[in-house]
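Analysis of the macromolecular model
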Amino acid sequence: MANLRPASKTSQTIPRMSDESLSLLVELLFTAAAVGVVAGALLRRRSAPAPQAPSAATWSELVLTAGGLMVAAVGPNILVVALTPGLPEMPLLARYALAPSLVFLAVVWVVGKCLGQTRLTNRICAGLWVGAAASGVLDAIRLTGFYLGQMPGNMPRMFGVLILDRMALGPTLGSDVLGYLYHYWVGACFGLTYTLLAGRIRWWGGVVWGLIIEVGMMVTPPMVVAMDTGYFGLKFGPGLLVTSFIAHVAYGAALGLLAERYVAHPGGIFSLLRNVFRRTESRTVANFPKPAS
Amino acid sequence: MKTTMMVLAVASLLGVSALTGTAQSGDANRVDKLSNKPFSDTLKAVEKTVKSEGMMVVAKIDHKKMLSMVGATIKGATTIEFGKPEMGKMLLPMNPAIGLEMPGKIFVYESADGRVVVSFRKVAPQYASYGDPEVKKAGEMMDMMADKITSAATR
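Owing to the predicted nature of the structure, the values given are computational and were not obtained by experimental measurement.

Time to look at the overall build of chain B. Within chain B, the regular secondary structure consists of six helices and five strands. Starting at the N terminus and ending at the C terminus, chain B contains elements arranged as α-β-α-β-α-β-α-β-β-α-α. Burial statistics for chain B: of 155 residues in total, 50% are counted as buried. The contacts of chain B with a sequence gap of at least 6 include a subset with a gap of at least 24, amounting to 68%. Entry remark: accessible area of chain B is about 7300 Å², with carbon and sulfur atoms responsible for 60%.

Written out as structure tokens, the structure is:
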């Protein structure tokens with residue numbers, strides 16, 4: 001080492017909770033809280049209650065469902081957009097797409113409530129909390145994989161610095177909390193999409209949904225380009241694919257089990273569409289002037 | 001920030017070199033000074049001195065925190081980029097290619113044996129390579145400032 005001057009005093013460490021310990025605390029708290037909600041909810045309803053009879057499908061419900069699905073698409077996809085070269089970045093997307101989408105979802109829920117659309121409001125509420133809670137199950141596996149060196153990065157911590165545009169400065173307690181909130185919101189969005197699309201179905205529908213999310217994650221820019229793991233994480237090593245696969249299957253299973261118990265009405269988006277069009281058709285036929293006999 | 005992950009990768013490389021705890025031997029322009037203060041105090045002292053010398057901290061890169069997101073644990077390692085707006089205003093219109101050399105950079109890190117080191121690279125030879133006496137003078141001034149800042153911060 002050139003031009004080194006001798007040290008007259010050695011460096012000291014100040015006894016306080018380190019940033020890393022705080023970060024670990026944040027992730028453990030989020031995970032424990034969410035896993036606790038999953039466990040509590042499953043204990044509360046050990047088996048799925050009888051489904052409620054669906055109310056008549058209306059155009060307004062269909063439109064509001066489409067609005068809810070749009071909101072659910074914003075959360076996860078802003079990350080895909082932000083990490084795709086040439087497209088807007090996370091701070092901008094968080095401010096002008098994510099934040100308005102939250103307001104829009106609240107509007108959808110309020111309008112649904114005012115119109116007495118219990119099927120829709122139940123699906124929105126159940127989808128959000130069930131999806132967010134199931135993310136805790138995913139995190140229990142993801143974090144284990146990360147600390148065993150099987151994941152390329154601690155993604156929620158990265159989300160925080162991306163949203164706050166402070167990558168060079170690294171994460172703080174605040175950015176970690178924000179990153180985890182975003183991470184759980186993404187889980188909630190996937191839950192919302194699931195309940196709005198599928199309604200009440202058997203629990204393994206959630207596992208299928210988890211596998212679809214897994215495939216989506218493994219072939220889109222956040223993993224493939226930004227983390228440079230290649231398609232299905234194969235450039236990084238099999239540990240990533242295995243960890244991520246198990247985590248998403250577990251997420252899907254938790255989501256499916258909870259949705260089966262807390263989504264009240266059967267019938268997915270196609271059933272809603274079919275019923276709306278049938279109703280419109282029968283009304284049109286009924287209103288058509290009958291020929292004089 | 002489109003290439004934030006790229007930044008992370010670069011920082012990782014820098015962090016790995018910091019992990020080794022040794023400066024590149026044979027780099028005659030590299031200056032390493034051992035600090036008499038702990039890492040965080042040294043870092044604060046560098047920032048304070050940069051400001052007190054009428055310069056600006058343009059950017060701060062915390063390699064330790066950045067690497068923590070990808071599961072690597074290293075000791076303190078932070079790059080401070082600093083500059084004088086007046087100098088940029090004077091040099092860049094003259095020859096925009098000089099932008100590659102700016103701003104100045106000071107690296108503060110804890111070596112493997114716990115010593116706190118403040119490093120910078122003398123930029124005068126790079127500045128001189130542009131063949132302009134004014135630019136060369138600016139490079140020498142930058143070196144003088146970096147030396148002053150690092151001396152004050154390590155004292």
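Structure's up, so let's keep going.
Our next topic: the nonpolar core. Core analysis: the biggest nonpolar cluster contains 40 residues, and A:Met90 and A:Tyr182 have the highest contact counts within it. Mapped onto this core, the elements with two or more residues apiece are helix H2 (59-82), helix H3 (90-114), helix H4 (118-147), helix H5 (155-163), helix H6 (173-198) and helix H8 (221-226) of chain A. Ranked by residues supplied to this core, first place goes to H6(A) with seven residues. Residues B:Phe39, B:Met87, B:Val118 and B:Ala153 belong to the second largest nonpolar core, which totals 26 residues.

With that settled, the discussion passes to the packing of aromatic side chains. Residue and element names in this part refer to chain A. One pass over the full model with this rule turns up nine aromatic pairs over all chains. Their ring planes at 90 degrees and their centres at 5.3 Å tell us that Phe159 and Tyr182 sit as a pair that is edge-to-face. One end of the pair, Phe159, is in helix H5; the other, Tyr182, is in helix H6, and 23 residues separate them in sequence. Comparing Phe159 with Tyr182, the two get one shared label, buried. Among the aromatic residues, ring-to-ring pairing joins Phe30, Tyr180 and Tyr184 into one connected group.

Before going further, it helps to examine the pairing of strand E3 (residues 77-83) of chain B. Consecutive side chains along a regular strand alternate between the two faces of the sheet. Residue and element names in this part refer to chain B. In terms of residue burial, E3 counts as a mostly covered element, since seven of its seven residues are buried. With burial as the criterion, each face of E3 is covered, one bearing Ala77, Thr79, Glu81 and Gly83 and the other bearing Thr78, Ile80 and Phe82. In this structure, strand E2 (residues 56-62) lies alongside E3, joined through six bridges in antiparallel fashion. Counted as the bridge partner of Val57 is Phe82 from E3.

Looking now at the state of the cysteines. Residue and element names in this part refer to chain A. For the structure on display, the rule yields zero disulfides over all chains. With no disulfide of its own, Cys114 lies 13 Å from the sulfur of Cys125, the closest cysteine sulfur. With relative accessibility at 66%, the residue Cys114 sits in the exposed group. Not engaged in a disulfide, the cysteine Cys189 finds its nearest cysteine sulfur in Cys125; these two sulfurs lie 14 Å apart. On the basis of relative accessibility, which here comes to 1%, the residue Cys189 falls in the buried class.

Next up on the list: unusual backbone geometry. Outside of glycine, negative phi angles account for most residues, and trans bonds account for most peptide bonds. Look at the link from B:Met102 to B:Pro103: it is a cis peptide, with omega at -5 degrees. Mapped onto the elements of the fold, B:Pro103 is located in the loop between helix H4 (85-94) and strand E4 (104-110). Here the phi dihedral of A:Asp165 falls at roughly 55 degrees; this positive angle occurs in a residue that is not glycine. Inspection of the secondary structure assignment puts A:Asp165 in the loop between H5 and H6. In this model, A:Phe232 sits at a positive phi of 55 degrees, which is unusual for a non-glycine residue. Residue position: A:Phe232 is located in the loop between H8 and helix H9 (238-262).

What counts and how
Residues numbered from 1 in each chain as written. Chains lettered and ligands numbered in written order. Predicted model: local features only at pLDDT ≥ 70, side-chain atom pairs only at ≥ 80, totals over all residues. Heavy atoms only, no water. Helix = DSSP H or I, 4+ residues; strand = E, 2+ residues; numbered from the N terminus. Buried < 20%, exposed > 50% of the residue type's maximum accessible area, 1.4 Å probe, protein only. Contact = heavy atoms within 4.5 Å. Areas by Shrake-Rupley, 256 points an atom, 1.4 Å probe, with all protein chains shown as cover. Core = buried A, V, L, I, M, F, W, Y, C linked by side-chain atoms within 4.5 Å. Phe/Tyr/Trp six-rings, centres within 6.5 Å; stacked < 30°, edge-to-face > 60°. Pairing = 2+ DSSP bridges. Disulfide = S-S within 2.5 Å.

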